Every structure is written in C-alpha cells, then in structure tokens.
Amino acid sequence: PLVLGIESSCDETGVGIVRGTELLAHAVASSVEEHVRFGGVVPEVASRAHLEAMVPTLEQAYAQAGLDVSDVDAIAVTCGPGLSGALLVGVAAAKALAVAHDKPLYGLNHLAAHVAVDQLEHGRFDRRVAALLVSGGHTEILLVDDIASDITMLGTTIDDAAGEAFDKVARLLGLPYPGGPHIDRVAREGDGTAIAFPRGLTAAKDAERYRYDFSFSGLKSAVSRHVQHEQRMGRQIDAADVAASFQDAVVDVLTRKTVQACRDHDVDTLVVGGGVAANGRLREMVLARAEAAGIEVRIPRPGLCTDNGAMVAALGAEVVARGVAPSSLDLPVDSSLPVTRIVA
Ligand code: ATP
Ligand code: MG
Ligand code: FE
C-alpha cells in the first residue's frame, strides 16, 4: 500500500511517503534551534512551529515522491506518546486530509514506528525480533512478534531515558542542546576507560528483578560529582574523556542487557531504533557484541533513527497490509500511549 505518514510528537515536523517497504519521500523540518536557548524543548514553541511547518513539509514530501495525498491509500499519524499540543497539530492535519480526500486514517504509536522504520532499510521482519528502543523519552527492550499487532515490553528505564542522560550530561559539560550528537562527537577524541562510571542495575542482586531494566540517573549524578570534584581541585575537566567514559557506561549496559534478552528468548535478530541509535559508539558496540552472540543486527541509517514521518508511514503500510480497521475520525492524542498499543 501507498501510505502518507505524519509525525509531530516533539520538535520535528515529519512527512514520509512509502509504498510497502519502499521509501518515496522523507521530509523533516525541525524547530530544534528555537529551543536551544531554553536548553530543552518548550512545548508551546514546538506546537507553533509544527503549525507553520506542516503544509510546507507536506508539499516537500509530495514533490519528492512525485505524487500527492489524493494518490495514497491511507494516512497514518503519530497520536502518542509525546507532547499533547505538538501531537494535536499532526493529528488535526491528518484528519483534515483524511476527510477532504476520503482516505482511511490510522492513529499510530510513535515508539512502534521507531522500530518499524527499519523495514524501509532492511526489508520486512520475517520472524520474531527483539528491539532496543533508545530515544529522548524512552529506553525499552521489546519483543516484537508482529510489528502491527504484537509487541511485548521486557524492560524499561526506572528513571531517565538514555537520550535524556546524554542531554543532561552534555549540559554538565557545557555542550549545547540536544546533547547526544555533541557527546558522540566530543567522545571520539577521548578515552572511554579514563573514568570508571557506574553501570546501573547490573549488580548480581539486580539480575532477577531488574534483568532487562535500566537506570541512568545514578550515572548522571556520578558525572556531576566528577565534574564538581575536578573543579574544586582546580583541575581542567577533560571533556573528551568524561564524554567517552559516560558514553561507554551507557552503551555497555544497553548492549549487555539487550544481548542477554535475545539469548534468554532465543531471538536471533535485533532491531535498534530511536534517536540514540544514531550514536556511533552504540552502533559499533551493539554490532560487535550481538555478532559475537550470533545475533543479526538491523539499525537504520541515522537520519531515520531520529524523529521523522517515514517511520510513521512505514508502520502505517504494515498496518494497512494486515487489513487492520482504521481509527475513528474522533481520534484523540495520548501523551503517554504505551508501546503495546500500536494502533489507536
Ligand atoms: P521519544 O521517541 O522517546 O518520544 P524523542 O522523539 O524526543 O523521544 P528522538 O528524536 O527519537 O526522541 O531522539 C532524540 C534523542 O536522541 C535526544 O535525546 C538526542 O540527544 C539523542 N541523540 C540523537 N543523536 C544522538 C547521538 N548521535 N548520540 C547520542 N544520542 C543522540
Ligand atoms: Mg527531536
Ligand atoms: Fe522519537
């Protein structure tokens, strides 16, 4: 099926068009620059930016694909989780298009879309896969029996998300928001073994109850204490070593627990998705550790890991192909939609 996907859950206005697993258009407008001076996304500013960017981004996508909304079989839109005001802009646009062009509307889960997007890169999931979802607001290990209808959450973070930890530590190091890409860059010049930062929830006592869960707030505090200690001692902070050691701590725990989950559940394919999946060190370490365990790794190119409309269209194509009933035109947004609710 030919599906148009709209994304507006945070600060990216994204429109994608796919035919099955073929990517036809991938247009993204970001309001990230407008949030930099606040050190984080300001919901009101994001909503307004979505309003301004929605029509131009749709037009850019039509131009890339050489078709327009009247040609598509369905309209898919992120209806959660995310910022309510931001989600409302995408959902309102999708409803308007659905009504005006008499197309079925599908309200979809943003997190499932972060996983589904890999089908555009590496083809359909032809069996059960495990997924590591690492983004600005979420960190989860998932079992995906069917990307359109059956996702189980094995574990999640008990405090901060991985991307949130990157952003907070970047701030401690005086790097701009969003910090993930800056840490990634600065860490390349550093030594990841320079400082022994804690690996949350990896102690033997946590092996049962928190087997697939994560905790990054203790790590963030440890980085903060380290920075303060160096300052008190009158020493220059080696930002590259701190960034690399922090990054190694995050990536070590993410990859160790995910490979463990694959082994425990006898899954031989792992998909990695979400903004943090763009991280160079994570990509390197997950490949090395999974391959050593005989697990095939699928990670989309970085531009499809961060928020975009193609991921929503990719999930939409899968849902439409299964003959799932469309959403109601009253489709509400749900800022805390759980990953297990794939179609609203
Ligand atoms: P969610 O998907 O949980 O709703 P979100 O949509 O805001 O949150 P994404 O766009 O998927 O999140 O990812 C953004 C996050 O990814 C930010 O925290 C950002 O710092 C992080 N990120 C982006 N690129 C990198 C990178 N190269 N290394 C580490 N983190 C990165
Ligand atoms: Mg973003
Ligand atoms: Fe996201």
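Residues numbered from 1 in each chain as written. Chains lettered and ligands numbered in written order. Predicted model: local features only at pLDDT ≥ 70, side-chain atom pairs only at ≥ 80, totals over all residues.

Undergrad: With reference to specific residues and values, describe the overall build of the protein.
TA: Looking only at helices and strands, the protein features twelve helices and ten strands. For the protein, whose C-alpha radius of gyration is 20 Å, the value lies close to the compact-globule estimate of 20 Å for 344 residues. Buried residues in the protein amount to 53% of all 344 residues. Counted over contacts in the protein with a minimum sequence separation of 6, partners at least 24 positions apart contribute 77%. (Helix = DSSP H or I, 4+ residues; strand = E, 2+ residues; numbered from the N terminus. Rg over C-alpha atoms; globule rule 2.2 N^0.38 Å. Buried ≥ 20, exposed ≤ 12 C-beta atoms within 10 Å, placed from the backbone. Contact = placed C-beta atoms within 7 Å.)

Undergrad: Mind laying out the confidence of the model for the protein, listing which residues take part and the relevant values?
TA: This prediction gives the protein a mean pLDDT of 97; 100% of its residues lie at or above 70. Interface scoring of the predicted complex returns ipTM 0.98; its pTM is 0.96. (pLDDT = per-residue confidence, 0-100.)

Undergrad: Lay out the UniProt feature "domain: Gcp-like" (unreviewed entry) in the protein in plain terms, naming residues and giving numbers.
TA: Under the local residue numbering, the UniProt record ascribes the feature "domain: Gcp-like" (unreviewed entry) to residues 22–313. As annotated, residues 22–313 has a helix share of 48% and a strand share of 17%, and its two end C-alpha atoms lie 10 Å apart. (UniProt positions renumbered as here; feature names shortened; annotations may be inferred.)

Undergrad: Requested: an account of the pairing of strand S6 (residues 129–134), with residues and values cited.
TA: Across the six residues that make up S6, a large majority, six, are buried. The pairing of S6 with strand S7 (residues 139–146) spans six bridges and is classified as antiparallel. Its bridge partner lying in S7, Val129 is registered against Val144. In sequence, S6 turns back onto S7 through a hairpin of four residues. (Pairing = 2+ DSSP bridges.)

Undergrad: Help me get a handle on the packing of helix H9 (residues 239–264) against helix H10 (residues 280–292), residues and values and all.
TA: Geometrically, a packed helix pair is captured by the angle between its two axes and the distance between the axes. Running from N to C, H9 and H10 point in directions that differ by 35°, and their axes come no closer than 9 Å. The crossing of H9 and H10 is right-handed. Contacts from Gln247, Asp248, Val251, Leu254, Thr255 and Val259 of H9 reach H10 at Arg281, Leu282, Met285, Val286, Arg289 and Ala290. Residues that form the contact of H9 with H10 fall into these classes: seven nonpolar, two polar and three charged. (Axes fitted to C-alpha atoms, helices over the stretch in contact; angles between N-to-C directions. Left-handed = near helix turned anticlockwise from the far one by under 90°. Nonpolar A, V, L, I, M, F, W, Y, C, P; charged D, E, K, R; others polar.)

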